Amino acid sequence: MLETTIAAIRPADETAMAAARELHGRLTKPAGSLGALEELSVRLAGLAGACPPPLPEPAAVAIFAGDHGVHAQGVSPWPQEVTGQMIGNFLAGGAVVNAFARQAGASVTVVDVGVATPLPTQPTALDPAVLDPAVPDPAVLDPAVLDPAVPRLVSASVRRGTRDFTVTAALTRDEALAAVQTGIRIADELIDAGAGILLTGDMGIGNTTPAAALIAAFTGADPLDATGRGTGIDDPTYAHKVAVVRAALARHAPDPADSLGVLAAVGGLEHAALAGLILGAAARRTPVLLDGVIAVSAALAAAAFAPDAVDAMVAGHRSAEPGATVALRHLGLDPLIDLGLRLGEGTGALLALPVVTGAVRVLHEVATFDSAGVAEK
């Protein structure tokens, strides 16, 4: 599956991009007056191979959840049980991501790809559908897949949390591959159900530590520059966290040319699955709106698998985590908004969604000088 997905990823269509630039020049506005929105719409035209590109709707948020063996090293003040508890909150509609998704009319799919503790077994307030992790058949898709009112849980656990990467590799190559392929399957499922844009989400106590390790491994950045304070840690814990990342990279010496190997050595199951989601979206020429530092660390892995996958990526926001800026710079992506966010879950991507939609809607709905009878300069 991974090989065929990578083989399907193609560069942006230059003809469609040129048509979008030409159209912008004829719309009733001064040339370049929409700034970064114009180039964004051009990129999306290139991805779709059409001008104007399809409107990026409906939107689907995929939250991949997993736990981390490195949590045992004291890199986070939060207990690991919070990962599973927050999944219950997502399904009950009570998290920030739910509030923002309701505002945007986006569906929320939560994927257990490696949570260490038992998930809530009692029905939630919204009684989400629990779907089988097998490859979906588009002919029998549940119509609730994109229902914005009902968050749903997909059970696709590869293992109950990663191993402690200060001791051994976080995952085997087979486990990392299984997580990547889970992400590809979720992308296919959501796109087959009609999603016009995918948004990345994540949940996992301690997951900024493997994110920092991935960013340092793929970009060559010093761990001090790639590592942030996550959910909020004091100075001694932060110094320890940087040392943990540095030691893991020294122990495993991951090769950035071997994306699967890097994910297995120092990644997380949610990071690997997000890389798969991005690859799956790119193969289907569907935009994927990246959230924060977890998403952009996964995006580095996706780009190492298939450099042209970057054409499908839109950076939703600049996370307050310093590694996010390092990763975005490496990918050549400019974030749409910068609000000092560091929550994750998909929240920053959801806030940026109207910007993406607006960029495309301009090409669909704004009159040209000729059609409007407006004189040009």
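Residues numbered from 1 in each chain as written. Predicted model: local features only at pLDDT ≥ 70, side-chain atom pairs only at ≥ 80, totals over all residues. Heavy atoms only, no water.

Participant: Looking at this model, I keep getting lost on the overall build of the chain. Mind explaining?
Facilitator: Within the chain, the secondary structure is distributed over 15 helices and seven strands. Against the compact-globule benchmark of 21 Å for 377 residues, the chain has a radius of gyration of 20 Å, which places it among compact chains. Counting only C-alpha atoms and orienting by the principal axes, one finds that the chain spans roughly 70 × 45 × 40 Å. The long-range fraction of contacts in the chain, counting pairs at least 24 apart against all pairs at least 6 apart in sequence, stands at 79%. Accessible surface for the chain amounts to roughly 14200 Å². Of this, 55% is attributable to carbon and sulfur atoms. Side chains of the chain carry 23 positive and 39 negative charges; the gap between the two charge centres is 3 Å. (Helix = DSSP H or I, 4+ residues; strand = E, 2+ residues; numbered from the N terminus. Rg over C-alpha atoms; globule rule 2.2 N^0.38 Å. Contact = heavy atoms within 4.5 Å. Areas by Shrake-Rupley, 256 points an atom, 1.4 Å probe, with all protein chains shown as cover. Lys, Arg positive; Asp, Glu negative; His and termini not counted. Charge placed at Lys NZ, Arg CZ, Asp CG, Glu CD.)

Participant: Is there a simple way to think about the side chain of K29 in this case?
Facilitator: Here K29 is to be found in the loop between α2 (14-24) and α3 (36-48). Classification of K29 as buried rests on a relative accessible area of 12%. Looking at K29, its side chain comes within polar contact range of the side chain of H24, at 3.3 Å. Apart from residues no more than four positions distant in its own chain, K29 is found in contact with H24, L34, E38 and F369. (Buried < 20%, exposed > 50% of the residue type's maximum accessible area, 1.4 Å probe, protein only. Polar contact = N/O pair within 3.5 Å; in protein donor to acceptor, adjacent residues only side chain to side chain.)

Participant: It is not clear to me how the environment of A250 should be interpreted in this structure. Could you clarify?
Facilitator: Its place among the elements puts A250 in helix α9 (residues 235-252). The class for A250 is exposed, based on a relative accessible area of 64%.

Participant: Explain unusual backbone geometry to me, please; I cannot follow it from the model alone.
Facilitator: Glycine aside, a negative phi is what most residues show, and trans is what most peptide bonds show. In the segment running from C51 into P52, the intervening peptide bond is cis, with an omega of 0°. Along the chain, P52 falls in the loop between α3 and β1 (59-66). Of the consecutive residues E57 and P58, the connecting peptide bond is found in the cis state with omega at -5°. The topology assignment puts P58 in the loop between α3 and β1. For A253, which is not glycine, the phi torsion reads 45° and is therefore positive. Within the secondary structure, A253 is located in the loop between α9 and α10 (259-266).

Participant: Would you mind showing me how to read the environment of A320 here?
Facilitator: Relative to the helices and strands, A320 is located in the loop between β7 (313-315) and α13 (322-331). Spatially, the C-alpha atom of A320 lies 9.1 Å from that of G230, the residues being 90 residues apart in sequence. Ignoring anything within four residues of it in the chain, the contact list for A320 reads G340, L341 and R342.

Participant: Which parts of the structure should I look at to understand the packing of helix α7 (residues 208-219) against α13?
Facilitator: Helix-helix packing is characterised by the crossing angle of the two axes and by the distance between the axes. The geometry of α7 relative to α13 is characterised by a closest axis approach of 10 Å and an angle of 35° between their N-to-C directions. For the element pair α7 and α13, the recorded crossing hand is left-handed. Counting all contacts with α7, which are made through I215, F218 and T219, the residues of α13 involved are G323, A324, V326, A327 and H330. Here the contact of α7 with α13 is built from residues that sort into five nonpolar, three polar and no charged. (Axes fitted to C-alpha atoms, helices over the stretch in contact; angles between N-to-C directions. Left-handed = near helix turned anticlockwise from the far one by under 90°. Nonpolar A, V, L, I, M, F, W, Y, C, P; charged D, E, K, R; others polar.)

Participant: In this structure, what is going on with the pairing of β1? I would like to understand it.
Facilitator: Each regular strand shows side chains that alternate between the opposite faces of the sheet. Taken across its eight residues, β1 has eight buried, putting it largely inside the fold. As paired strands, β1 and strand β5 (residues 197-203) are joined by seven bridges and run parallel to one another. By the bridge assignment, F64 is partnered in β5 with D202. Where β1 lies against strand β2 (residues 107-114), seven bridges are found, and the strand directions are parallel. When the bridges of β2 are listed, G66 appears paired with G114. (Pairing = 2+ DSSP bridges.)

Read these as spatial facts, not as claims about activity.
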